[in-house]
Amino acid sequence: MGTEAAARLALQPALMRARGLSKRYLQRTSFSRRSFAIEALMDVNFEIAPGCLTALVGQSGSGKSTLASCLAMMEKPDCGEIWFEGNEISHWNRRKLAPLRPKIQMVFQNSAGALNPRFSAAQIIEEPLQIQHREIRQNLRARACQLMEEVGLSADWANRSPLELSGGQRQRLAIARAIALKPSLLILDESLSGLDLSTQAQILNLLLDLKAAHPLTCLLISHDLSLVGQIADFIAVMHRGRIVECGSAPQVLGSPQHPQTCKLLASVQVLETAFRTARAGGRS
Amino acid sequence: MKTSAGAKMRSSMKYLERRVMHAVLLLVGASVLSFLFSSLAPGSFFDEMKMNPQISPETVTALRSQYGLDQPLPVKYVRWVKSVLRGEWGYSFAYNQPVRSLLVVRARNTLFLTALAMALAWLIAVPVGVWVASRRGRWEDQLTSASTSLLLSVPELVLALVLLYLVIRTHALPVGGMVSSGFDHLDSWAQMKDLAAHLIVPVTTLVLASLPILIRHVRASMIEVLQAPFIQAARGHGISRSRLLFHYALPAAANPLISLFGLSIAGLLSGSLLVEVITGWPGLGPLLLEACFSRDIYVVIGVVMASTLFMIFGSLTADVMLVAADPRVRTDHA
Amino acid sequence: MITGKKTSKRKLIAAAIFLLALHLAILLAGFVAPYRPAEQNRDSPYVPPTRIHFVDARGHLHLRPFIYQSVARPDSLYEYEEARDQEYPIRFFVAASEYKIAGCFLSHTHLFGVDAPAQIFLAGTDNYGRDQFTRILYGGQISLAAGLLATAISLLLGLCVGCISGFYAGWIDESAMRVAELFLVLPWLYVLLAVRAFLPLHISPAQTFLLLVAVIGTIGWARPARLVRGIVLSARSRKYVTASRGFGASDAHILRRHILPHTYGTLLTQAALLVPQYVIAEVTLSFFGLGLSEPMPSWGNLLANLQQYNVLVSYWWMFAPALALVLVSLGYLTVANAFHQRLQSGSI
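Residues numbered from 1 in each chain as written. Chains lettered and ligands numbered in written order. Predicted model: local features only at pLDDT ≥ 70, side-chain atom pairs only at ≥ 80, totals over all residues.

Overview of the overall build of chain C
Helices and strands together make up the secondary structure of chain C, namely twelve helices and five strands. Based on the C-alpha atoms only, the size of chain C along its principal axes is roughly 85 × 50 × 40 Å. Relative to its full complement of 348 residues, chain C shows a buried share of 45%. Within chain C, residue pairs in contact and separated by at least 24 positions form 69% of the contacts whose partners lie at least 6 positions apart. (Helix = DSSP H or I, 4+ residues; strand = E, 2+ residues; numbered from the N terminus. Buried ≥ 20, exposed ≤ 12 C-beta atoms within 10 Å, placed from the backbone. Contact = placed C-beta atoms within 7 Å.)

Re the overall build of chain B
Looking only at helices and strands, chain B has 13 helices and two strands in total. Expressed as a percentage of its 334 residues, the buried residues of chain B come to 35%. The long-range share in chain B, meaning contacts at least 24 apart out of those at least 6 apart in sequence, stands at 72%.

Thoughts on the environment of Gln86(C)
Note that Gln86(C) resides in strand S3 (residues 80-89). Remark: the alpha-carbon pair of Gln86(C) and Asp56(C), spanning 30 residues in sequence, is separated by 9.8 Å.

Some remarks on the pairing of strand S7 (residues 185-189) of chain A
Each regular strand carries side chains that alternate between the two faces of the sheet. Residue and element names in this part refer to chain A. Among the five residues that make up S7, five are buried, leaving the element largely enclosed by the rest of the structure. By the alternation rule, side chains of S7 split into Leu 185, Ile 187 and Asp 189 and Leu 186 and Leu 188, which are all buried. The pairing of strand S6 (residues 104-107) with S7 spans four bridges and is parallel. Bridging across to S7, Met 106 finds its partner in Ile 187. When S7 meets strand S8 (residues 217-222), the two strands line up parallel, connected through five bridges. What sits directly across from Asp 189, in S8, is Ile 221. Considered for its hand, the β-α-β crossover made up of S7, helix H8 (residues 197-213) and S8 is right-handed. (Pairing = 2+ DSSP bridges. Right-handed = clockwise from strand over helix to strand, strands pointing away.)

Some words on the sheet that holds strand S10 (residues 242-248) of chain A
Residues and elements named next belong to chain A. In space, the six strands of this open sheet follow the order S6-S7-S8-S3-S9-S10, with mixed pairing throughout. What marks the edges here is a single partner per strand, and that holds for S6 and S10. Averaged over all pairs of adjacent strands, the angle between strand axes in this sheet comes to 15°, irrespective of strand direction. Across the sheet, helix H2 (residues 64-71) lies against strand S3 (53-58), S7, S8 and strand S9 (234-239), angled at about 155° from S7, the strand it touches most. Of the strands in this sheet, S3, S9 and S10 touch helix H11 (residues 259-266), which is tilted by about 105° from S9. (Axes fitted to C-alpha atoms, helices over the stretch in contact; angles between N-to-C directions.)

Details of the sheet that holds strand S1 (residues 53-55) of chain C
All names here are of chain C. In space, the three strands of this open sheet follow the order S1-S2-S3, with antiparallel pairing throughout. The outermost strands of the open sheet, each flanked by one partner alone, are S1 and S3. The sheet shows a mean angle of 50° between the axes of neighbouring strands, taken without regard to direction. Where S1 lies against strand S2 (residues 61-72), two bridges are found, and the strand directions are antiparallel.

Digging into the interface of chain B and chain C
Counting residues at the interface gives 39 residues for chain B, matched by 30 residues for chain C. A class-by-class count of the residues in the side of chain B that touches chain C yields 29 nonpolar, nine polar and one charged. (Nonpolar A, V, L, I, M, F, W, Y, C, P; charged D, E, K, R; others polar.)

Regarding helix H9 (residues 229-236) of chain B
Burial analysis of H9(B) places just zero of its eight residues in the buried class, a small minority of the element. A positive backbone phi angle near 85° is found at Gly238(B), which sits one or two residues after H9(B).

Digging into helix H7 (residues 156-169) of chain B
The end-to-end C-alpha distance of H7(B), which contains 14 residues, comes to 20 Å, matching closely the 20 Å that a straight helix rising 1.5 Å per residue would cover. Downstream of H7(B) by a residue or two, His171(B) has a phi angle that is positive, lying close to 50°. (Expected span 1.5 Å × (residues − 1).)

What to know about unusual backbone geometry
Where the residue is not glycine, phi is negative for most of them; where a peptide bond is considered, it is trans in most cases. All names here are of chain A. Residue Asp 43 is not a glycine yet carries a positive backbone phi of 50°. Structurally, Asp 43 is set in strand S2 (residues 35-48). Residue classification places Asp 43 among the partly exposed residues on the basis of 14 C-beta atoms within 10 Å. Despite not being glycine, Arg 240 has its phi angle at roughly 50°, a positive value. Looking at the element boundaries, Arg 240 is found in the loop between S9 and S10.

Concerning the confidence of the model for chain C
Per-residue pLDDT for chain C has a mean of 86; in total, 97% of the residues score no lower than 70. Overall fold confidence for the complex sits at a pTM of 0.84, while the interface term, ipTM, reaches 0.86. (pLDDT = per-residue confidence, 0-100.)

Quick word on the confidence of the model for chain B
Per-residue pLDDT for chain B has a mean of 81; in total, 87% of the residues score no lower than 70. Considering each helix and strand of chain B separately, the mean pLDDT is smallest for helix H13 (residues 327-332) of chain B, with a value of 57, and largest for helix H5 (residues 99-134) of chain B, with 90.

Here it is in structure tokens:
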């Protein structure tokens with residue numbers, strides 16, 4: 001994406017904004033009185049531009065998942081503000097947050113754990129539609145099959161259990177479930193880890209297609225900078241609970257400032273060829 | 001991470017301290033619960049007297065207030081606790097004496113019976129369990145499995161009755177009670193034989209009732225341990241089979257068994273109640289039953305507390321054994 | 001192990017069929033039993049079980065089994081011999097005394113019977129001359145119903161407490177589990193006796209039955225509660241529960257669709273384990289006289305006859321209720337075992 005387009009986007013109001021977020025976890029060794037604190041987030045300022053794909057990268061333990069949980073309203077920060085659609089939501093209770101939930105959806109790392117093995121694929125997608133009363137009962141199955149097709153899964157697999165699907169197919173299913181409610185923001189927390197290279201490329205491909213088809217903003221969290229750098233519009237680098245570098249993708253990838261960014265870039269994987277092949281070839 | 005012997009001792013003591021505090025809290029909780037249940041009783045010991053036209057209602061009321069039965073529940077509880085601390089454990093209306101003197105003798109008898117049965121049961125269960133574990137899947141294992149399943153299905157009540165029947169029909173042993181009449185006139189050797197003869201039926205019933213579960217658990221524990229790599233390694237070193245089983249595998253399998261020991265006391269106590277009543281063994285069981293029928297409240301509460309005490313003591317013993325046997329317990333909970 | 005699975009499945013089916021047949025026979029006690037439980041025959045106390053013959057005194061083989069009438073020996077008390085002069089064939093689907101099926105339908109048909117004046121006592125009689133076979137069947141209704149109802153109560157209580165405790169965690173969980181520990185530390189028979197004793201002793205049979213069921217069921221909530229709580233605790237930390245919350249699912253929805261299904265297997269196994277235990281509990285209470293008393297038959301008060309020395313020694317057929325008890329235990333424990341094995345291998 002050219003710097004001009006990026007600059008244009010940057011002028012639009014942010015979809016989600018975090019200011020001064022901090023969160024710490026208290027850990028206690030069993031039965032002792034001592035406990036020590038883990039500073040997961042330290043004074044984080046973060047913005048997500050609408051309609052773009054933002055990447056949040058960092059090593060394990062840098063606080064990426066904690067930030068994602070706070071943004072997805074799954075956890076409350078200790079201090080700081082979160083702005084979404086003009087509202088400051090960091091201290092809202094469950095009831096107030098309820099109508100906002102369909103707008104921010106999350107796809108997890110471990111797809112096997114994130115999908116109930118006793119449900120069929122279609123039931124998994126139908127669940128959010130049922131809870132939010134988006135469809136009448138007769139249309140549920142049809143809508144679920146539609147979503148399956150959209151993410152590249154055959155509708156014939158509607159009755160399959162997630163255990164019968166491969167890792168990549170499960171992540172597609174998880175993505176289908178996440179977009180069922182037509183969210184404004186889709187957070188993918190390390191969703192590509194554990195997949196082989198070509199599958200990763202296919203999923204990235206899928207994200208791009210979805211972004212093009214819907215007004216969808218994505219936040220892609222990963223430890224692999226070169227992976228997400230392929231399709232991200234903006235990149236933020238986290239290290240030990242702080243955001244150490246932030247900017248448009250060409251900026252960060254082309255001229256990394258912080259030593260951490262350089263370190264992450266150095267662990268390069270040969271993705272481009274796989275990506276191009278997947279783009280040209282097709283879906284599973 | 002090396003800790004000195006002193007530190008190990010300290011951490012073990014701390015763990016045990018915690019367990020003892022826990023046990024005391026449980027006892028207090030059990031006593032409160034028992035008192036709460038007793039508040040459900042609409043009648044009392046003196047109801048029988050009420051039916052007697054010769055005793056005036058005023059006498060009954062006077063007796064009730066004398067024994068504090070008309071007081072509200074918390075007051076009764078406090079008075080009972082005071083009585084416990086004084087060493088009396090409440091008052092028995094039927095026997096007209098402090099509960100303690102009744103409890104001590106009966107509790108001793110029950111303890112004797114249950115301890116003996118427990119020891120025997122484990123003495124049999126451990127070798128048998130180890131043996132069938134080493135012969136897993138073969139006919140000895142399957143036969144033992146089938147017999148334990150069958151034995152498990154026979155309730156203690158039935159076991160006791162059947163044994164009693166056999167003993168009576170074959171006139172093999174004296175039945176009923178702890179000792180025969182004329183016991184005091186026998187010399188000590190004959191006394192012991194008499195006691196032993198009376199013990200056989202109750203002990204056998206309790207042992208037969210406990211064996212199936214114990215054998216199963218020992219077997220399961222051993223099987224799990226026998227699959228561990230260090231056993232394979234020892235086997236490769238050419239260590240003899242019996243040494244392998246008893247010196248290497250059994251200590252490793254001891255952990256869950258020690259916990260089982262603590263738990264099996266509960267079942268044994270409940271079983272002993274039944275057995276005592278049926279065979280006439282003068283333990284806590286018959287005392288409880290009598291007190292239930294005559295609404296002798298403090299005796300009932302005393303017996304329930306005594307049995308709870310045994311249970312807690314048993315599980316504390318298991319905790320001590322666990323601490324001694326498994327070093328991980330000490331360091332984990334430091 | 002494939003063979004292990006197959007044999008456990010076959011055992012499960014066999015045990016289940018056996019239990020079903022037993023329960024059906026007991027449910028239809030009026031039909032299966034030749035007489036009524038309160039029918040006394042004062043001139044036939046302690047008659048031993050009637051022997052069924054196929055070959056008569058003259059050596060002829062009969063296709064239809066028959067019996068001889070038991071007559072008292074003229075010289076001794078309570079001793080009987082067969083009167084070999086007359087054979088009484090066993091007839092099936094006979095019309096005899098009236099009874100009610102399920103408390104509403106009247107019927108006269110019994111499964112089997114013999115012509116008067118002979119009587120068929122498959123399990124002998126007691127001191128009032130009442131047919132023990134009939135009383136065992138009717139007594140089974142009480143004892144089994146008590147066991148099943150009490151199990152339902154325990155499981156329901158345990159499920160509720162376990163779910164709430166495991167789902168909401170925190171102080172609710174802590175306090176609930178401490179109370180559970182308290183219930184588990186008390187030896188159950190002592191508590192059962194004590195609680196039963198604290199409640200009114202002389203009440204009607206129906207009230208006694210309900211009281212027994214309530215007491216037995218309520219005391220036993222702790223173990224199922226602990227098990228359910230463990231399952232709920234682990235299920236609620238799964239990511240698909242978090243995802244469900246993300247869609248705005250209510251607690252009720254999550255419990256119903258994601259968490260409860262995990263408990264079914266354990267609940268089934270617990271049910272199969274608890275029913276025989278609770279039947280035995282009722283039998284024990286009635287045996288001691290704290291449960292159902294005469295004239296209502298229950299396996300417990302039927303066995304209570306054995307507390308008399310002379311009965312225990314001379315009249316072995318009075319042990320028959322014990323056999324019924326053992327069969328029920330065996331059936332349920334086999335089923336429980338099979339469930340447990342299947343649960344461990346992940347089939348449920």
